[in-house]
Amino acid sequence: MAEEKEKRLQDILNNVQHTEDYIDEAVLESQKSQKSADGLFEDLITCASETMDSEEIGYIKSAYEIARNAHEGQFRHSGEPYIIHPVQVAQILYNLGMDSESMVAALLHDVVEDTALTKDDVKKEFGEDVANLVEGVTKLGKVPLFTKEEQQAENVRKMLMAMSQDIRVIIIKLADRIHNMRTLAFMKPHKRREKAQETLEIYAPIAHRLGIRGVKEELEDLAISYLDPVAYKEIQDLLEQQQSKRKEYLDNIQKKICDRVRQVIPNCNITGRVKSVHGIYRKMYMQGKDFDEIYDIYAVRIIVDDVIDCYNCLGIIHDMFKSIPGRFKDYISTPKANMYQSLHTTVIGEGGIPFEVQIRTWEMHRTAEYGVAAHWKYKLGMNGRQKFEEKFSWIRQLLESQNVSENPEDIVNTIKTDLVQEEVFVFTPKGSVISLPAGATVVDFAYAIHSAVGNRMVGAKVDGRIVPIDYVVKTGEIVEIITSSQQGKGPSRDWLKFVKTSGARNKIRSWFKKERRDENILEGKLEVEREFRRNFIRLNDDDFEKFVTMIAQRQRFATPEDFFAAIGYGGVSLNKMMPHIKDEYVKTFKQPEEPQEDVIKITKPARRSKSKDGVVIEGIENCLIKFSKCCSPLPGDNIIGFITRGHGVSIHKRDCTNVPKVIELAAEPERWISASWDSDVKEDFTATLSITCLDRVGLMADISKVIADMRVMIYGINTKSKKDGRASIELTIAVNGIEHLQGVMSKILKINGVLDVERA
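Quick caveat: nothing in here was measured; it's all calculated off a predicted structure. (Residues numbered from 1 in each chain as written. Predicted model: local features only at pLDDT ≥ 70, side-chain atom pairs only at ≥ 80, totals over all residues. Heavy atoms only, no water.)

> Any chance you could explain the environment of Lys-514 here in plain terms?
Counting through the fold element by element, Lys-514 comes out in helix H25 (residues 502–515). Through-space distance from the C-alpha of Lys-514 to that of Ala-565 is 9.8 Å; in sequence the pair is 51 residues apart. (Helix = DSSP H or I, 4+ residues; strand = E, 2+ residues; numbered from the N terminus.)

Here you go:
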């Protein structure tokens, strides 16, 4: 029995090592890419043959042959054959311990999207389960949506729906994203930033909620290396400088703990680890801490057989080292939402250096390393279909909350907020534990209990004291919700301004949607008419009804009344849609937006004259020039003029939404006149930059210094902090042309913490 137990422990240790091994594959990626696809596949088959039978191996080989033939002649941005990508994805899945069906689906995951093969072809050859996996991973085709964000949201919603049927869909998608991120350097810079941002905001939180630690940390580190390469390099350098010192320090701590703990618990396993780059980055650049102030850079992990041994180990550790108050967390009695269980305590070691100790059982460790993938890796089974579905009820809740809101982007916002790592654990008066994201309020708590409790809420008590309605709850507090029995009592629209969870937000909107429908329809229609007038969209009654019906259908509403109601209760943001509605208006009715001045017709001689404002107008001398605020043209932009009475000529950018796409199709094309910039224009012009950055102390000072060093005048600054640790800055400055503006933008983009700079 003792030999069998020792062999079992060694097997688990070997399997756990695979988590670290597949992360190391990123380092070898460039070497592997030199191999042929067949060579990489042979390596995969060699590995798989150790744990899979001949039937499964034949199954995988058939999938490879079909995928290789289907992708024949296709290449990635790196120039290597496309088939290498699905092979590498299958290899990642094998290292995670997934089954043969998952590996087959990985090999075929792009054939439906990028080749002539269909889902029916896959189903005929490999069965319905594999076909559904491939379909779940495949992105949507072209759909009539207004924005890239809506397209992204629909793809995420489709993926989550497939996940609710088979959780392997998301594991395949995560493996696909890992390999794409490892080879992201071959894409264009703006695409790299887009993919990295999407990875950090969507896929890493999902990996965290599924409990797959290695995948989450690699995705986060790769994303940060592209979003903020300067900070990433700084942290790497700090870690490398202390590498030998760190190894010596961890080895000494491990030996001390090992000598003491094994006297009481002989079968424990003790290892050391260092916090991921992204984990350090979050605390240094988003919480404003110095490298030396991060207590859990170093960590020791103790793995034992039983839960009782975990608490015995904790007592030994606190006897050996001085603990830091407030740094103990018991995730065994109160597991995280992703099933993670462990004891965490931070203590002071030699030289006053703090380190974290994590204590868990082998079963907890498997869940912590592999999360949901442990069910396949360790052949644990599902322990009953119902129990397995309960563990992933959050997927169903995500979809249900998105169905309440008509805004497709809400599902992405939910992932960004509700699946974040930081959580607080709050108690009901009866002792039940409610898990909420950090920053959640008592209103979020009320709606987490039940929508009826939230809707009837009139106040709250925390630890017996009355608190404000926007009070932010903290771990360990006992929260009591005060409700009203008065009929018709409901939530306040103001609650939408401070609730943290999308569940609470959507339940509040749902209440207004059901209880105030007629009022919402009227308010929504008035807002649409007001926005149309403000944007010079003029339609008769019949055309208005047809146009609004088309917009409503594009937003997945059955009727215009549903669309108006959604606007009325806040389910849809009309402001965000207006630029695309204006484009659709011009395209549909061939009727561009027109300035509201009376037009004077001018006979245009065939000559070009210079204006004192540095603009050359065809056929008009010394005319009054007005630069349109709708597009703020700069020297270097392609421009066009619009002749008006009393205001001379208004200058627009040629691609401004107020300018007809085809001048000849305008109602009166003679209103538009050719214009160009004079070659020696020296005037200054105002331009507004939209800057997205990480919120940190001193950022505004750094931006101001860069602007001042370039001797650029600042006319206006508007800043706004966001809840995800980022900030947006609108900066209005004086520039002499498009090249000057691009130079300023490139300088700002190099500032530490700046993620993106765009011309507003």
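> Explain the packing of aromatic side chains to me, please; I cannot follow it from the model alone.
Ring pairs (aromatic) are described by centroid distance and by the angle formed between their planes. One pass over the structure, following the stated rule, counts 10 aromatic pairs. Where Phe-41 meets Tyr-64, the ring centres are 4.0 Å apart and the plane angle is 5°; that geometry is what we call stacked. Note that Phe-41 is positioned in helix H3 (residues 37–48) and Tyr-64 in helix H4 (residues 54–70), a separation of 23 residues in sequence. We note that Phe-41, like Tyr-64, is buried. Aromatic rings pair up to connect Phe-532, Phe-544, Phe-547 and Tyr-585 into one cluster. (Phe/Tyr/Trp six-rings, centres within 6.5 Å; stacked < 30°, edge-to-face > 60°. Buried < 20%, exposed > 50% of the residue type's maximum accessible area, 1.4 Å probe, protein only.)

> Looking at this model, I keep getting lost on the sheet that holds strand E20 (residues 726–735). Mind explaining?
One key point about sheets: their strands pair by backbone hydrogen bonds, in either a parallel or an antiparallel sense. In spatial order, the strands read E19-E20-E18-E21; together these four strands make up an open sheet with antiparallel pairing. Each of the sheet's edge strands pairs with one partner strand only, and the pair in question is strand E19 (714–721) and strand E21 (754–759). Put simply, the sheet's adjacent strands are angled 15° from each other on average, direction ignored. Helix H12 (residues 189–210) contacts E20 and E21 of the sheet and is inclined by roughly 130° relative to E21. The strands touched by helix H31 (residues 738–749) within the sheet are strand E18 (685–694), E20 and E21, with E21 carrying the most contacts at an inclination of about 165°. (Pairing = 2+ DSSP bridges. Axes fitted to C-alpha atoms, helices over the stretch in contact; angles between N-to-C directions. Contact = heavy atoms within 4.5 Å.)

> How do you make sense of the sheet that holds strand E9 (residues 457–462) when you look at a structure like this?
Pairing in this open sheet of three strands is antiparallel, and the strands run E10-E9-E11 from one edge to the other. With partners counted over all chains shown, the strands left at the sheet margins are strand E10 (465–467) and strand E11 (479–483), one partner each. Direction aside, the axes of adjacent strands within the sheet are offset by 35° on average. As defined by bridge partners, E9 adjoins E11 across five bridges and the pair is classed as antiparallel. By the bridge assignment for E11, Met-457 is matched with Thr-483.

> Before we go on, may I ask you to explain empty space enclosed by the protein in this structure?
In this approach a probe as big as a water molecule rolls over the atoms, and the regions it shows empty are the leftover space. What the rule picks out here adds up to three cavities of 30 Å³ or more. Reported here for the second largest cavity is a volume of approximately 40 Å³. Taken together, Tyr-249, Asn-252, Ile-253, Lys-256 and Glu-350 form the lining of the second largest cavity. Taken together, the residues of the lining of the second largest cavity sort by class into two nonpolar, one polar and two charged. (1 Å grid on protein atoms, 1.4 Å probe; cavity = no way out; pocket = protein on both sides within 12 Å on 5 of 7 lines; lining within 4 Å. Points joined across faces, edges and corners; volume = space filled by probe spheres on them. Nonpolar A, V, L, I, M, F, W, Y, C, P; charged D, E, K, R; others polar.)

> Can you help me understand unusual backbone geometry in this one?
Negative phi characterises most residues that are not glycine, and trans characterises most peptide bonds. Phi at Asp-463 takes a positive value of approximately 50°, unusual for a residue other than glycine. Position of Asp-463 relative to the elements: it lies in the loop between E9 and E10. Of the residues examined, Asp-463 reaches a relative accessible area of 46% and is grouped as partly exposed.

> Just checking my understanding: could you explain the side chain of His-344 for this structure?
By the element assignment, His-344 lies in strand E5 (residues 343–348). For His-344, a relative accessible area of 9% translates into the label buried. Within the structure, His-344 has its side chain in polar contact with the side chain of Tyr-340 (distance 2.6 Å). (Polar contact = N/O pair within 3.5 Å; in protein donor to acceptor, adjacent residues only side chain to side chain.)

> Would you mind showing me how to read the pattern of salt bridges here?
A side chain with one charge can pair with a side chain of the opposite charge if their charged atoms come near. In total, this model carries 16 salt bridges according to the counting rule given. The closest approach of N and O atoms between Lys-191 and Glu-194, which form a salt bridge, is 3.9 Å. Of this pair, Lys-191 and Glu-194 both sit in helix H12, three residues apart, which is roughly one turn of that helix. Of the charged contacts, one joins Lys-216 and Glu-220 as a salt bridge, the two residues approaching to 3.3 Å between their closest N and O atoms. Of this pair, Lys-216 and Glu-220 both sit in helix H13 (residues 213–227), separated by four residues, roughly a single helical turn. By the burial criterion, Lys-216 is buried, and Glu-220 matches it. Shared partners join several salt bridges into a network, and the residues in it are Asp-38, Glu-65 and Arg-68. (Salt bridge = Lys/Arg side-chain N within 4 Å of Asp/Glu carboxyl O.)

> Looking at this structure, how should I read a negative patch on the surface?
On the surface, Asp-541, Asp-542, Glu-545 and Glu-561 cluster together into a negatively charged patch. Broken down by element, the negative patch gets its largest block of residues, three residues, from helix H27 (residues 541–554). Secondary-structure assignment places Asp-542 in helix H27. (Patch = residues over 30% accessible without salt bridge, like charges linked within 9 Å, V, L, I, M, F, W, Y side chains within 5 Å. Areas by Shrake-Rupley, 256 points an atom, 1.4 Å probe, with all protein chains shown as cover. Lys, Arg positive; Asp, Glu negative; His and termini not counted. Charge placed at Lys NZ, Arg CZ, Asp CG, Glu CD.)

> What exactly am I supposed to notice about the pairing of strand E2 (residues 298–304) here?
For a regular strand, side chains alternate in direction, first toward one face of the sheet and then toward the other. With seven of seven residues buried, E2 is to be regarded as a mostly interior element. Burial along E2 is two-sided: Tyr-298, Val-300, Ile-302 and Val-304 and Ala-299, Arg-301 and Ile-303, pointing in opposite directions, are all buried. Across six bridges, strand E1 (residues 269–274) lies against E2 in antiparallel orientation. By the bridge assignment for E2, Gly-272 is matched with Val-300. The pairing of E2 with strand E6 (residues 354–361) spans six bridges and is parallel. Residue pairing for E6: Arg-301 is matched across the bridge by Gln-358.

> Could you clarify how one ought to interpret helix H23 (residues 442–449) in this entry?
Three- or four-residue spacings in an α-helix give side chains the same orientation, since the helix completes a turn every 3.6 residues. Counting buried positions along H23 gives six out of eight residues, so the element sits mostly inside the fold. For H23, the set of buried residues is Val-442, Val-443, Asp-444, Phe-445, Ala-446 and Tyr-447.

> How should I be thinking about the nonpolar core in this particular structure?
A general tendency of soluble globular proteins is for nonpolar side chains to be buried together. Judged by nonpolar contacts, the single largest core of 99 residues is most densely connected at Leu-93, Leu-108, Leu-174, Ile-257, Ile-302, Phe-355 and Ile-359. Of all the elements, helix H11 (residues 168–182) adds the most residues to this core, at eight residues. Those residues within four positions of Ile-257 in sequence are excluded, and the remaining contacts are Arg-262, Ile-270, Val-300, Ile-302, Ile-317, Met-320, Phe-321 and Phe-355. Among the nonpolar cores identified, the runner-up in size contains 48 residues, and Ile-434, Val-443, Val-473 and Phe-564 belong to it. (Core = buried A, V, L, I, M, F, W, Y, C linked by side-chain atoms within 4.5 Å.)

> Would you take a moment to explain the confidence of the model for the protein for this structure?
Reading fine detail from the predicted coordinates is not recommended where pLDDT is low. Confidence along the protein averages 76 in pLDDT terms, with 77% of residues attaining 70 or more. In the model, residues 140–146 has pLDDT below 50 throughout and makes 16 contacts with residues more than four positions away in sequence or in other chains. Under a pLDDT of 50 for its full length, residues 380–389 has, in the predicted model, 11 contacts with residues more than four places off or in other chains. (pLDDT = per-residue confidence, 0-100.)

> Would you take a moment to explain H31 for this structure?
With 12 residues, H31 extends 16 Å between its outermost C-alpha atoms, agreeing within 8% with the 16 Å of an ideal straight helix rising 1.5 Å per residue. Those residues of H31 lying buried are Ile-738, Leu-741, Val-744, Met-745 and Ile-748. Taken end-on, H31 shows its buried residues confined to a sector of 120°, consistent with a single buried face. At its buried positions, H31 is contacted by E18, helix H30 (699–709), E20 and E21. (Expected span 1.5 Å × (residues − 1). Arc of directions from axis to C-beta.)

> Could you clarify how one ought to interpret the state of the cysteines in this entry?
Every disulfide links exactly two cysteines, by a covalent bond between their sulfur atoms. All told, the structure shown has zero disulfides when counted by the stated rule. Of all cysteine sulfurs, the one in Cys-258 lies closest to Cys-268, which takes part in no disulfide; the gap is 5.8 Å. (Disulfide = S-S within 2.5 Å.)

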